[in-house]
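Below, each chain spelled out in residue letters.
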Amino acid sequence: MELLHPHCAGLDVHKESVVACVRHMVDGKVTTGVKTFQTTTQELVALSDWLSAEGCTRIAMEATGVYWKPVWHILSDGEFELVLANATQVKNVPGRKTDVNDATWLADLLAHGLIRASFVPPEPTQHMRDLLRTRKQFVRERGGHIQRIQKTLEDANIKLDSVITDIVGLSGRRMIEALIAGQTEPQTLAALAHGRLHASKEQLEAALRGRVKAHHRFMLRLHMKHLEAVDAAIACIDQEVSAQLEPFRVAVEMLTTIPGISSLAAEVMVSEIGIDMSRFKTEGHLISWAGLCPKNDESAGKRRSNRMRKGAPWLKTTLIQCAWAASRTKGTYLQAQYLRIRSRRGPKKAIGAVAASILTAAYHMLKNGTLYQDLGASHFDSRDKGKQALRLVSRLQNLGFAVQITSTAA
C-alpha cells in the first residue's frame, strides 16, 4: 500500500488522558513511539512540543464527544495538519482494543491516507454554531415547560388549549397569571382575552370553569418562572448572534431569498456549513454530509435499504422544516417538485427531495455568489411537453375517450 505521510501521529483522546503514537518510516523501516499525556493545558502543550520535536507533519484524532476540542485548539496553534476522524469509519479489529492499539491504528491509517477528514469549521463559525445549537435546545426546553403547564391546567380541569392555540400567548398568559393570583371566576378570566381571539365568550367561560387548588397555583407559578427564564435566555442568545453576524450577513441575506428559508434558518445553515464551499467538492458531497441522500446498502445486486443517512442532525432537521414551509409556498418550483414526487413516492420522500434541492441551491449561491432564481411552478410541465402530452393522452384513453392532438398556432 502506498505510503503518503512518513512522519505522522495518531491520538486516542479521552476525558482525562491522551495516548499519542508517533509513526516514522525511514529507509523502509517503521518505528513508533507511544506516550500518554493528561488533558490539562500544560500537558497538552507538552504534547504539542513532543510532536514537534518528533517532526510530525500530520496528526489524526477521533471525534470523541467534546473531548477532542481542547486537544484540537492547542495543536492548531502549531504547524501541524490536523485530521478529525469519524469514529465509525476508523474502527479496528474487534477484541484487540486498547488505548495504545487505537492510537497506533490511527497512525497507520493516516500514514496511508485512509482517513476521511471530518468538516471542522473555522472559529467564528464554531461560535455561531454553539450559539444556535444552544438556542435550539432552549426552544425544545421551552416546549417542554409549555407541556407541563398544560398538564397542570388539565389536572385542574381548565380546558384552555381547546379554545386558545397558544396558551402562553398574550391572552393565555393573562388568564394563567390571574389563576395564579387566586382568581377563579370564569367571567372575570374570560374578560382578560384579547379582542382578536376567535373563541367566543361562552366558549372561554366554559373552558375556564375548573377546580384550581393551591397546589395547581404553586405548580403554575413554578413553570411560568422557568418559562420566563428560558425566554430571557433565548432573547440573550439572539442579541449575541446579531452581534456576531457581520461576517455572515451577506450570506444570510442571500439564503433568505430561497422559499421557506427564514432569517433564523439561514443563520443555522451558515453556522453548520460555513460560507466557504471549497470544503465540499460538489453539491452531492454536501448533500451526503448533511444526510439528505439514501445510504449505500446493497448486497448481491439487491438494494436492501434506501433510508436516509444520519448525517448532520442539526442541519438536517432545519432543512426538513424549511422544506415543509417551501412546499406550501404557492407558485414556486419547490412546491411543484414536492407535489410531483409526492404523487409517486409519498410525502416524506418528497420533503427529503425538496430539502436536498434547497441545500443544492444554497451551495451554488454561497460558492458562486449568485442570487436565487425560481424556475416557477410550470417548470416540470414546460421541460418536456411531448412526454407530458403523451401521458395525458394515455390517461384519457384508459378512461375510454378517443383523443386527437392538434397543435395550436404560436
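Refer to the structure above for everything that follows.
This section reports on the structure supplied with the text. As a convention, each chain's residues are numbered from 1 in the sequence order in which they are written. In view of the model being predicted, local features appear only for residues whose pLDDT reaches at least 70, and side-chain atom pairs are presented and counted only at 80 or more, with totals across whole chains, interfaces and linings using the full set of residues. Hydrogens and water are ignored here; the side-chain numbers use all heavy atoms of the structure.

## Quick look at the pattern of salt bridges
Moving on, step 1. Note on definitions: salt bridges are taken to be side-chain nitrogens of Lys or Arg within 4 Å of carboxyl oxygens of Asp or Glu. Under the counting rule described, the total for this entry stands at 10 salt bridges.
Moving on, step 2. Taking the shortest distance from any N to any O, the salt bridge between aspartate 108 and arginine 23 comes out at 2.7 Å. Note that aspartate 108 is positioned in helix α3 (residues 99-111) and arginine 23 in strand β2 (residues 17-26), a separation of 85 residues in sequence.
Moving on, step 3. With a relative accessible area of 26%, aspartate 108 lands in the partly exposed category.
Moving on, step 4. Across the salt bridge formed by glutamate 246 and arginine 249, the nearest N and O atoms sit 3.1 Å from each other.
Moving on, step 5. Three or more residues are tied together by salt bridges with common partners; here these are Arg129, Arg133 and Glu272. Only DSSP runs of H or I with at least four residues qualify as helices, and only runs of E with at least two residues qualify as strands; both kinds are numbered from the N terminus onward. Burial here depends on accessible area, computed with a 1.4 Å probe over protein chains only, as a share of the maximum for the residue type. Under 20% is buried, over 50% is exposed, and the range in between is partly exposed.

## Quick notes on the sheet that holds β2
Moving on, step 1. When DSSP finds at least two bridges between two strands, those strands are taken to pair. As summarised here, the arrangement of the 5 strands in space is β3-β2-β1-β4-β5, forming an open sheet in which the pairing is mixed. Taken across any chain shown, the strands that pair with only one partner, and hence form the sheet edges, are β3 (29-38) and β5 (81-85). Adjacent strand axes in the sheet meet at a mean angle of 20 degrees when their direction is disregarded.
Moving on, step 2. In terms of strand pairing, strand β4 (residues 58-62) meets β5 through 5 bridges, oriented parallel. Residue pairing in the sheet places arginine 58 in a bridge with glutamate 81 of β5.
Moving on, step 3. Relative to the sheet, helix α1 (residues 41-53) contacts β1 (7-13), β2, β3 and β4, its axis offset from that of β3 by approximately 165 degrees.
Moving on, step 4. We call two residues in contact whenever any of their non-hydrogen atoms come within 4.5 Å of each other. Between the N-to-C directions of two axes lies an angle of 0 to 180 degrees, each axis being a line fitted to C-alpha atoms and, for a helix, fitted only over the stretch in contact. Contacts between α3 and the sheet are confined to β1, β2, β3, β4 and β5, with β1 contributing the most and set at about 140 degrees to the helix.

## Let's talk about the environment of glycine 172
Moving on, step 1. Here glycine 172 lies in helix α5 (residues 170-181).
Moving on, step 2. Expressed as a C-alpha distance, the spacing of glycine 172 and leucine 189, which sit 17 residues apart in the sequence, is 9.9 Å.
Moving on, step 3. Those residues within four positions of glycine 172 in sequence are excluded, and the remaining contacts are Leu160, Ile164 and Ile167.

## Some details on helix α8 (residues 214-243)
Moving on, step 1. A helix is expected to span 1.5 Å for every residue after the first. Between its first and last C-alpha atoms α8 spans 44 Å; for 30 residues at 1.5 Å apiece the expected length is 44 Å, and the two agree.
Moving on, step 2. Residues of α8 that are buried include every one of His216, Arg217, Leu220, His223, Met224, Leu227, Val230, Ile234, Ile237 and Val241, and no others.
Moving on, step 3. Looking at the buried side of α8, the elements it contacts are α4 (123-155), α5 and α10 (263-273).

## Things to note about α3
Moving on, step 1. Over its 13 residues, α3 runs 19 Å from end to end, which matches the ideal 18 Å to within 8%, given 1.5 Å per residue.
Moving on, step 2. In the core, the buried residues of α3 are packed alongside β1, β2, β4 and β5.
Moving on, step 3. Directly after α3, the chain includes glycine 113, whose backbone phi takes a positive value near 70 degrees.

## Digging into the packing of aromatic side chains
Geometry of an aromatic ring pair is reported as the spacing of the ring centres plus the angle between the planes.
Moving on, step 1. Stacked, tilted and edge-to-face pairs are distinguished by plane angle, under 30 degrees for stacked and over 60 for edge-to-face with tilted covering the rest, among Phe, Tyr and Trp rings (Trp via its six-membered ring) whose centres lie within 6.5 Å. One pass over the full model with this rule turns up 7 aromatic pairs.
Moving on, step 2. Their ring planes at 90 degrees and their centres at 5.7 Å tell us that tryptophan 68 and tryptophan 72 sit as a pair that is edge-to-face. Highlighted residues: tryptophan 68 and tryptophan 72, both in helix α2 (residues 68-75), separated by 4 residues, approximately one helical turn. When sorted by exposure, tryptophan 68 lands in the same class as tryptophan 72, which is buried.
Moving on, step 3. Measuring from centroid to centroid gives 6.0 Å for tryptophan 324 and tyrosine 338, while their planes differ by 65 degrees, and the two rings are edge-to-face. Remark: tyrosine 338 occurs in helix α13 (residues 333-345) and tryptophan 324 occurs in helix α12 (residues 313-327); sequence separation between them is 14 residues.

## Considerations on the pairing of β2
Moving on, step 1. Of all the 10 residues making up β2, 8 are buried; the element is thus mostly covered by neighbouring parts of the structure.
Moving on, step 2. Of the pairings in the sheet, the one linking β1 to β2 comprises 7 bridges and is antiparallel in character. Its bridge partner lying in β2, histidine 7 is registered against histidine 24.
Moving on, step 3. Hairpin remark: β1 followed by β2, antiparallel, with 3 residues in the connecting loop.
Moving on, step 4. Of the pairings in the sheet, the one linking β2 to β3 comprises 10 bridges and is antiparallel in character. Paired with methionine 25 across the strands is valine 30, a residue of β3.

## Re a nonpolar patch on the surface
Moving on, step 1. On the surface, Leu396, Leu399, Phe401, Val403 and Ile405 cluster together into a nonpolar patch covering about 460 Å² of accessible area.
Moving on, step 2. Examined against the element boundaries, isoleucine 405 turns out to sit in the segment after α16 (385-398).
Moving on, step 3. Residue class for isoleucine 405 comes out exposed when judged on its relative accessible area of 56%. In this scheme, patches are assembled from residues that exceed 30% relative accessible area and form no salt bridge. Like charges are connected within 9 Å, while nonpolar side chains (Val, Leu, Ile, Met, Phe, Trp, Tyr) are connected within 5 Å. What sets the accessible areas is the Shrake-Rupley method with a 1.4 Å probe; for residues, cover comes only from the shown protein chains.

## Quick notes on the state of the cysteines
Moving on, step 1. Working definition: a disulfide is two cysteine sulfur atoms within 2.5 Å of each other. One pass over the structure, following the stated rule, counts 0 disulfides.
Moving on, step 2. Its sulfur unpaired, cysteine 21 is 8.4 Å from the next cysteine sulfur, which belongs to cysteine 8.
Moving on, step 3. You can call cysteine 21 buried: its relative accessible area is 1%.

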